[in-house]
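# Residue-level structural notes
Spelled out, the chains give:
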Amino acid sequence: MSGSRLMRAIRVSEFGAPSVLKLCSDVTVPQPGLRQVLIRVQACGVNPVETYVRSGTYPRKPALPYTPGSDVAGVVETVGEGVSALKAGDRVFTTATESGGYAEYAVAADHCVHKLPDALDFTQGAAIGIPYFTAYRALLYIAEPKAGETVLVHGASGGVGVAACQLSRSLGFTVLGTAGTPEGMKVVLNNGAHLAFNHREEGYTDKIMEATEGRGIDVIVEMLANVNLSKDLQMLAHGGRVTIIGSRGPVEINPRDTMLKESSITGVALVYATPEEMKECAALLYAGMEAGWLNPVVGSKYPLDKAAQAHHDIIESPGAAGKMVLMI
């Protein structure tokens, strides 16, 4: 392939509102280097963290201009030197990209590229990366629940939430999930949760405690800590753990709540996963795809030129119902 080939891609030249996401049609197709893979992108997942990076409020900022997107699914176009496990024509998904996924082509390091089984379509492939690998890290590496313990996925109807419910159910946990809409609650119940609660209802935490017969929750996977963390600490059982996957601001808590339960709060950041941990996770998730319990739920789909609308909606919508995906 000639390096002069052009493609459509979203480019960000300044940090700011969703409107800084600009569709360009004259972006050079990237070329794979050593141990890299060029993918013809069919779909790319949209993650909340991408909106934080774009706004300039995230601690790590990419050099401008850049193309957002880490979770692509598509077909291998060509491979760079040193790549042996993948070949042109393979259906794949990624957990990260080098060049950005909101584009017709993307380059990714070979260890971030995984084969996509035929049973899953490309939109589902674009819903695996960050959501499932983050859920795995939160549960298996940080919270370490035991079979029979109770897991509450606080915000369970989005990409990470659905992944956490499916993974928790497959591992033998009692799974409770919350959502903000009736549609979202159906998604939660259809994807592993034994019970679902509407977190917009007054007194929903009391209902959760009743469901545990007053014992409390062993592990909470938290998607919006700035709203929920204080309530989480009060719902925990003795020795309970909160894993924080998402937060959009500060929150006030009473440290005594942690003392009374000898509980813990731990943040989750997939960026710190080692290559070995990512390899272990990929093996378990691939087994889940083969067994059928790993079945990503795709929600809203947007064409590439509506990326700005997608960034608005993922933050402002009243409640998720599956993973948001860009169709390339």
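Structural notes, computed from the coordinates. (Residues numbered from 1 in each chain as written. Predicted model: local features only at pLDDT ≥ 70, side-chain atom pairs only at ≥ 80, totals over all residues. Heavy atoms only, no water.)

### Description of the pairing of strand β12 (residues 236-244)
Counting buried positions along β12 gives 7 out of 9 residues, so the element sits mostly inside the fold. Sheet analysis places strand β11 (residues 217-222) next to β12, joined by 5 bridges and oriented parallel. Bridging across to β12, Ile220 finds its partner in Val242. Running through helix α7 (residues 225-235), the crossover from β11 to the neighbouring parallel element β12 is right-handed. (Buried < 20%, exposed > 50% of the residue type's maximum accessible area, 1.4 Å probe, protein only. Helix = DSSP H or I, 4+ residues; strand = E, 2+ residues; numbered from the N terminus. Pairing = 2+ DSSP bridges. Right-handed = clockwise from strand over helix to strand, strands pointing away.)

### Points about the packing of helix α1 (residues 48-55) against helix α10 (residues 307-316)
Axis separation between α1 and α10 bottoms out at 9 Å; the angle between their running directions is 115 degrees. Between α1 and α10, the angle falls in the class roughly perpendicular. Between α1 and α10 the crossing geometry is left-handed. The residues of α10 that touch α1, namely those facing Pro48, Glu50, Thr51, Tyr52 and Arg54, are His311, Ile314 and Ile315. (Axes fitted to C-alpha atoms, helices over the stretch in contact; angles between N-to-C directions. Parallel < 35°, antiparallel > 145°, perpendicular 65-115°, else oblique. Left-handed = near helix turned anticlockwise from the far one by under 90°. Contact = heavy atoms within 4.5 Å.)

### Some words on unusual backbone geometry
With an omega of -10 degrees, the peptide bond between Leu64 and Pro65 qualifies as cis. Following the sequence through the fold, Pro65 ends up in the loop between α1 and β4 (72-79). Even without being a glycine, Arg35 presents a positive backbone phi close to 55 degrees. Take Arg35: it is sitting in the loop between β2 (21-28) and β3 (36-45). At Glu262, a position not held by glycine, the phi torsion is positive, near 50 degrees.

### Description of the sheet that holds strand β8 (residues 150-154)
Within a sheet, each strand pairs with its neighbour through backbone hydrogen bonds, oriented either parallel or antiparallel. Taken together, 6 strands build an open sheet; the order of strands is β10-β9-β8-β11-β12-β13 and the sheet is parallel. The open sheet terminates on both sides in strands that have one partner only, identified here as β10 (195-198) and β13 (264-267). The mean angle between the axes of side-by-side strands here comes to 20 degrees, regardless of whether they run parallel or antiparallel. Where helix α4 (residues 159-170) meets the sheet, its contacts fall on β8, β9 (174-179) and β11, and the angle it forms with β8 comes to roughly 170 degrees. Strand contacts of α7: β8, β11, β12 and β13, with the helix running at about 165 degrees to β12, the strand carrying the most contacts.

### Description of the packing of helix α6 (residues 204-211) against α7
Where α6 contacts α7, the axes come no closer than 11 Å and their chain directions differ by 25 degrees. As judged from the angle between their axes, α6 and α7 are roughly parallel. Considering the relative orientation of α6 and α7, their crossing is right-handed. Side by side, α6 and α7 meet where Tyr204, Thr205, Ile208 and Met209 of the first sit next to Asn228, Lys231 and Met235 of the second. Grouping the constituent residues of the contact of α6 with α7 by class yields 4 nonpolar, 2 polar and 1 charged. (Nonpolar A, V, L, I, M, F, W, Y, C, P; charged D, E, K, R; others polar.)

### Observations regarding the pattern of salt bridges
Enumeration over the complete set of coordinates arrives at 9 salt bridges. In this structure, Asp118 engages Arg91 in a salt bridge whose closest nitrogen and oxygen atoms are separated by 3.7 Å. Here the residue Asp118 occupies a position in the loop between β7 (113-115) and α2 (122-125), and Arg91 occupies one in strand β5 (residues 91-94), the gap between them amounting to 27 residues. On the basis of relative accessible area, Asp118 is assigned to the exposed category, the value being 70%. Between Asp218 and Arg215 there is a salt bridge whose closest N-O contact spans 2.8 Å. Residue classification places Asp218 among the buried residues on the basis of a relative accessible area of 3%. (Salt bridge = Lys/Arg side-chain N within 4 Å of Asp/Glu carboxyl O.)

### Quick notes on the packing of aromatic side chains
Following the criterion strictly, the structure yields 2 aromatic pairs and no others. For the ring pair Phe15 and Tyr66, a centre distance of 6.4 Å and an interplane angle of 40 degrees mean the geometry is tilted. Remark: Tyr66 occurs in the loop between α1 and β4 and Phe15 occurs in the loop between β1 (6-12) and β2; sequence separation between them is 51 residues. A relative accessible area of 10% places Tyr66 in the buried class. (Phe/Tyr/Trp six-rings, centres within 6.5 Å; stacked < 30°, edge-to-face > 60°.)

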